[in-house]
Amino acid sequence: TLHKKTFYYLEQLILKHRLHQNTLRIKEIHDGLDFYYSSKQQAQKMVDFLQCTVPSRSKSSQRLISHDIHSNVYNYKSTFSVEIVPICKDNVVCLSPKLAQSLGNMGQICVCIRVTSTIHLIDPSTLQIAEIDGNTYWRNPFNSLFHPKQLEEFIILDINRVQEKKKGAGAGARSNKHTLAEAWVQKTSELNTDHQYFCCTHLGHILNPGDLVLGSVSLSWFLFNNYLMTELILYSCVLIKKSYDRTRRQRRRNWKLKELERDREGMESDDERQYQDFLEDLEEDEAIRKNVNIYRNADIPVESDTDDEGLPRISLAEMLEDLHISQDATGGEGANM
């Protein structure tokens, strides 16, 4: 995938469960991470953890390094390859008609709201939700329709909360954390024109007129994949997430994460931006935060948890103190315990 959100989430899970302690070396490569272990059992433990944590599939192989014909001793190098689903949070995906029907007749155009041990999807026009595990994904694979850099900024001109539509036959569960709304939006790059877009969105609970939101309108190429024109009109604009002032968020962020010590080779220039996207996801999604160890940043002054600017924030109660082993927790000689 072109975005590493799932990788950053996985890194925090590995740190939290201390699965990196037995590694000989961790090397960052273009397509992911290489972990080196001294024993096959330790590598197998990591593979089992990954398969329980994120939707993935794996394969293994081994190569003969050396053998002693006299003592009948063989040395093998074992390699495990784990492939994670190429879907990240805030991706717009298009499900096959068969898969959409099996998920309760939900729409084919969905937004990924979270990736944990399953892929969490929501239909922005009905609020219907579904979870797809790794086995289901590999039987009916789909990819993201847009690269994160292709998302455009829109401004909300008008928005109206609407009642949820009646469930059809066999329809699945709906989200109670989102609000269905109809919105008129305009690209911020086209404010001097009369070009506006009308769409349904699942973000009615956080959007108001004048707010900025990221989305996309580039869906016309679906015609080449035999999709109905009505589907195209309905989804001519898909809103993904509310947009906030990134500079202000970074300045007020009084917490930090730990990282794996690894050899960095061939890093891409936009890695820092992707990492900031992941930090913003943590601020906006409480369900993801519960699986991550978040530490107070002593360099940033502590502010009140109440934020009059409406920026998503992590409360002080969710942060851990970063205890350094070099510090003497008992104090000096003769100090009170």
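Small disclaimer: the values here were computed from a predicted structure and weren't measured.

Conventions adopted
Each chain has its residues counted from 1, following the order in which its sequence is written. Given that this is a predicted model, residues contribute local features only at a pLDDT of at least 70 and side-chain atom pairs are listed and counted only at 80 or more, while totals for whole chains, interfaces and linings are drawn from all residues. Values shown for side chains rest on all heavy atoms present in the structure; no hydrogens or waters enter the calculation. Per the convention used, a helix needs a DSSP run of H or I reaching at least four residues, while a strand needs a run of E reaching at least two, with both numbered from the N terminus. By the convention used here, residues are in contact when the closest approach between their heavy atoms is within 4.5 Å. A helix is expected to span 1.5 Å for every residue after the first. Buried residues are those whose accessible area, probed at 1.4 Å on protein chains only, stays under 20% of the maximum for their type, while exposed residues exceed 50% and partly exposed ones sit between those limits. Arc definition: it is the arc formed by the directions from the helix axis to the C-beta atoms. In this scheme, patches are assembled from residues that exceed 30% relative accessible area and form no salt bridge. Like charges are connected within 9 Å, while nonpolar side chains (Val, Leu, Ile, Met, Phe, Trp, Tyr) are connected within 5 Å. Each accessible area is a Shrake-Rupley estimate made with a 1.4 Å probe; only the visible protein chains count as cover when residues are assessed. Salt-bridge detection follows one rule: a side-chain nitrogen of Lys or Arg within 4 Å of a carboxyl oxygen of Asp or Glu. Two strands qualify as a pair provided DSSP detects at least 2 bridges between them.

1. Concerning the environment of Glu321
Its place among the elements puts Glu321 in the segment after strand E16 (295–296). Sequence-wise, Glu321 and Tyr295 are 26 residues apart; in three dimensions their C-alpha atoms are separated by 5.7 Å. In contact with Glu321, not counting residues within four places along its chain, are Tyr295 and Arg296.

2. Side note on helix H2 (residues 40–53)
With 14 residues, H2 extends 20 Å between its outermost C-alpha atoms, agreeing within 8% with the 20 Å of an ideal straight helix rising 1.5 Å per residue. All of the buried residues in H2 are Ala43, Met46, Val47, Phe49, Leu50 and Thr53. Buried residues of H2, seen end-on, are gathered within an arc of 160° and therefore sit on one face of the element. Exposed residues lying more than 90 degrees from the buried face of H2 are Gln41, Lys45 and Cys52. Buried residues belonging to H2 abut helix H1 (5–16), strand E2 (32–36), strand E3 (56–68) and strand E4 (73–84).

3. Brief notes about a nonpolar patch on the surface
Judged by side-chain polarity, Leu64, Tyr74 and Tyr76 come together as a nonpolar surface patch covering roughly 310 Å² of accessible area. In this fold, Tyr76 is placed in strand E4. The class for Tyr76 is partly exposed, based on a relative accessible area of 45%.

4. Observations concerning the pairing of E4
Where E3 lies against E4, 12 bridges are found, and the strand directions are antiparallel. Within the sheet, the bridge partner assigned to Leu64 lies in E4 and is Tyr76.

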